[in-house]
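Listed below are the residues making up each chain.
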Amino acid sequence: MTSRPAEPSPILFFDTINAYQRTAALKAAIELDVFTAIAKGAVTAQAIAEECGASERGTRILCDYLVIIGFLNKQAQSYGLTPDSAMFLNKDSPAYVGGAIEFLLSPMLLEGFKDIAAAVRKGGSIVSEEGTVAPEHPIWVKFARAMAPLAGFTAQALAELVARQVGQPRKVLDIAAGHGLFGITLARLNPEVKIVGQDWSNVLEVAKENARKAGVEERYTTIEGSAFDVDFGSGYDLILLTNFLHHFDKETCEKLLVKVREALSDGGSAVTLEFIPNEDRVSPPVAAAFSMTMLGSTPSGDAYTFPELESMFSNAGYTRSELHSLPVTFQQVVISQK
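Remember, it's a predicted structure, so these values are computed and weren't measured experimentally.

Calculation rules
- Residues numbered from 1 in each chain as written.
- Predicted model: local features only at pLDDT ≥ 70, side-chain atom pairs only at ≥ 80, totals over all residues.
- Heavy atoms only, no water.
- Helix = DSSP H or I, 4+ residues; strand = E, 2+ residues; numbered from the N terminus.
- Rg over C-alpha atoms; globule rule 2.2 N^0.38 Å.
- Contact = heavy atoms within 4.5 Å.
- Areas by Shrake-Rupley, 256 points an atom, 1.4 Å probe, with all protein chains shown as cover.
- Lys, Arg positive; Asp, Glu negative; His and termini not counted.
- Charge placed at Lys NZ, Arg CZ, Asp CG, Glu CD.
- Expected span 1.5 Å × (residues − 1).
- Buried < 20%, exposed > 50% of the residue type's maximum accessible area, 1.4 Å probe, protein only.
- Arc of directions from axis to C-beta.
- Phe/Tyr/Trp six-rings, centres within 6.5 Å; stacked < 30°, edge-to-face > 60°.
- Lys NZ or Arg CZ within 6 Å of the ring centre and 35° of its normal.
- Patch = residues over 30% accessible without salt bridge, like charges linked within 9 Å, V, L, I, M, F, W, Y side chains within 5 Å.
- Salt bridge = Lys/Arg side-chain N within 4 Å of Asp/Glu carboxyl O.
- Disulfide = S-S within 2.5 Å.
- Polar contact = N/O pair within 3.5 Å; in protein donor to acceptor, adjacent residues only side chain to side chain.
- Pairing = 2+ DSSP bridges.
- Right-handed = clockwise from strand over helix to strand, strands pointing away.

### As for the overall build of the protein chain
Part 1 of the argument: Each helix and strand counted, the protein chain has 16 helices and nine strands in total.
Part 2 of the argument: Radius of gyration (C-alpha) of the protein chain: 22 Å, near the 20 Å computed for a compact globule of 338 residues.
Part 3 of the argument: A sequence separation of at least 24 residues applies to 67% of the contacts in the protein chain between residues at least 6 apart.
Part 4 of the argument: As presented, the protein chain carries roughly 16,500 Å² of accessible surface, and 54% of it is formed by carbon and sulfur atoms.
Part 5 of the argument: Separation of charge centres in the protein chain, based on 29 positive and 40 negative side chains, amounts to 2 Å.

This is how it looks when you write it as structure tokens:
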């Protein structure tokens with residue numbers, strides 16, 4: 001939006017107070033298929049409006065706003081896609097992620113951010129006692145279906161990192177598997193690996209669908225139920241903890257990590273994917289800001305720094321933990337040895 005002047009100014013206040021309009025405008029553009037229409041060659045407000053079944057006035061105002069906030073560019077009266085919009089917001093692109101709004105902007109998730117002052121007073125989500133980590137919460141089925149396209153890039157990068165740092169595991173447990181893509185990608189790249197996906201039964205139906213689509217269903221089995229209650233079995237070369245620990249407090253995480261270590265084979269590795277802020281807890285912005293997501297949606301979750309994660313693994317009996325970057329993502333990976 002508008003750059004801040006050197007002198008004190010209320011611009012940041014107004015930009016932030018009105019930030020809901022950015023979200024609403026982008027959601028509307030995705031729902032109307034504005035980006036796809038432009039990709040197909042409709043570049044004027046009139047042509048886009050006709051393609052999207054909308055009014056010309058409304059389309060012009062929406063597209064101008066999308067230019068202002070950086071999702072479109074404009075020359076004379078013609079609109080064009082930015083490189084980011086062309087890749088991620090055109091429905092015909094294999095990298096399309098617009099469907100993620102079904103989860104990210106779902107009423108169940110937004111409910112936790114209607115009164116952040118109350119969440120700050122309480123120290124956790126005010127939606128319910130357990131927030132989104134309540135048993136078999138329906139939001140995780142929505143997550144599994146909506147976030148799979150976005151997870152594909154990260155899953156590929158993670159699988160490549162595992163191959164470089166750990167080698168080729170043969171037996172892998174994917175805790176809180178969700179869409180299942182992290183384990184499925186390992187199976188797709190390594191014909192020897194067998195994956196066990198653990199999650200709630202309704203969520204695992206999505207993972208099994210994705211395993212069938214990927215052609216690895218014969219090497220994909222499941223464990224239904226809570227990660228804290230079910231029997232994982234043993235002898236795993238690798239256990240995946242992708243975007244899971246941030247939902248819980250440190251003590252709860254450590255109890256789970258002990259259970260994970262006991263399920264690993266000798267020399268096995270736990271691979272943790274997380275939003276990991278620096279120790280200042282305000283950088284890098286996306287990872288650091290994830291703490292706010294946890295405040296609004298969980299009773300006690302957080303975005304943990306690497307020293308905090310390293311301490312959890314150490315307390316749970318792991319011999320060492322190493323931090324690895326994951327290029328083209330906002331996240332980092334911690335590989336911990338039994």
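### Examining helix 5 (residues 56-68)
Part 1 of the argument: With 13 residues, helix 5 should cover 18 Å at 1.5 Å per step; its first-to-last C-alpha distance of 18 Å lies within 8% of that length.
Part 2 of the argument: Within helix 5, burial applies to T59, L62, C63, Y65 and L66. Each buried residue of helix 5 sits inside an arc of 160° when the element is viewed along its axis, so together they form one side. Counted as exposed and oriented over 90 degrees from the buried face of helix 5: R57 and I68.
Part 3 of the argument: Buried positions along helix 5 lie against helix 2 (19-32), helix 3 (34-39), helix 4 (45-52), strand 1 (72-75) and strand 2 (78-81).
Part 4 of the argument: Looking one or two residues past helix 5, G70 carries a phi angle of roughly 100°, positive in sign.

### Some details on the packing of aromatic side chains
Part 1 of the argument: Summed over all chains, the structure comprises seven aromatic pairs.
Part 2 of the argument: Between F313 and Y318 the ring centres are 5.0 Å apart and the planes differ by 80°, which places this aromatic pair in the edge-to-face class.
Part 3 of the argument: For Y318, a relative accessible area of 5% corresponds to the buried category.
Part 4 of the argument: Taken together, F228, F244 and F248 form an aromatic cluster joined through their ring pairs.
Part 5 of the argument: Stacked on the ring of Y236, the Lys or Arg K171 has its end atom at 4.7 Å from the ring centre.
Part 6 of the argument: In this structure, K259 packs its charged tip against the face of F232, placed 4.4 Å from the ring centre.

### Here's the deal with a nonpolar patch on the surface
Part 1 of the argument: Where nonpolar side chains cluster on the molecular surface, the patch consists of F13, F14 and I17 and spans about 330 Å² of accessible area.
Part 2 of the argument: Relative to the helices and strands, F14 is located in helix 1 (residues 11-17).
Part 3 of the argument: Overall, F14 belongs to the partly exposed group, its relative accessible area being 46%.

### A closer look at the state of the cysteines
Part 1 of the argument: Evaluated as defined, the whole model comprises zero disulfides.
Part 2 of the argument: There is no disulfide at C63, and the cysteine sulfur nearest it, in C52, is 7.7 Å away.
Part 3 of the argument: On the basis of relative accessibility, which here comes to 0%, the residue C63 falls in the buried class.

### Some points on the environment of V206
Part 1 of the argument: Mapped onto the elements of the fold, V206 is located in helix 13 (residues 201-214).
Part 2 of the argument: As a C-alpha pair, V206 and F275 span 69 residues in sequence and 24 Å in three-dimensional space.
Part 3 of the argument: Ignoring any residue separated from it by four or fewer positions in sequence, one finds V206 in contact with V141, A144, R145 and H179.

### A look at the pattern of salt bridges
Part 1 of the argument: In total, this model carries 11 salt bridges according to the counting rule given.
Part 2 of the argument: Between E192 and R170 there is a salt bridge, with the nearest N and O atoms lying 3.4 Å from each other. Taken together, the positions of E192 in the loop between helix 12 (181-189) and strand 4 (194-199) and R170 in the loop between helix 11 (148-165) and strand 3 (171-175) put the pair 22 residues apart, joining distant regions of the chain.
Part 3 of the argument: Residue classification places E192 among the partly exposed positions, given a relative accessible area of 46%.
Part 4 of the argument: With relative accessibility at 53%, the residue R170 sits in the exposed group.
Part 5 of the argument: We note a salt bridge from R281 to D302, for which the minimum N-O separation is 3.1 Å.

### Topic: the side chain of T298
Part 1 of the argument: Turning to its location among the elements, T298 is positioned in the loop between helix 15 (285-297) and helix 16 (306-315).
Part 2 of the argument: Polar contacts involving the side chain of T298 include one to the main-chain carbonyl oxygen of M294, which spans 2.8 Å.
Part 3 of the argument: From its side chain, T298 meets the backbone nitrogen of G301 in a polar contact 2.9 Å long.

### Structural notes on the pairing of strand 3
Regular strands place their side chains on alternate faces of the sheet.
Part 1 of the argument: Strand 3 sits mainly inside the fold: four of its five residues count as buried.
Part 2 of the argument: Note that strand 3 and strand 4 share five bridges and pair parallel. Note on strand 4: the bridge partner recorded for I175 is Q198.
Part 3 of the argument: On the question of chirality, the crossover connecting strand 3 to the parallel strand 4 by way of helix 12 is right-handed.
Part 4 of the argument: Bridge analysis of strand 3 against strand 6 (residues 236-242) gives four bridges, and the strand direction is parallel. Across the sheet, residue I175 finds its bridge partner in strand 6, namely L241.

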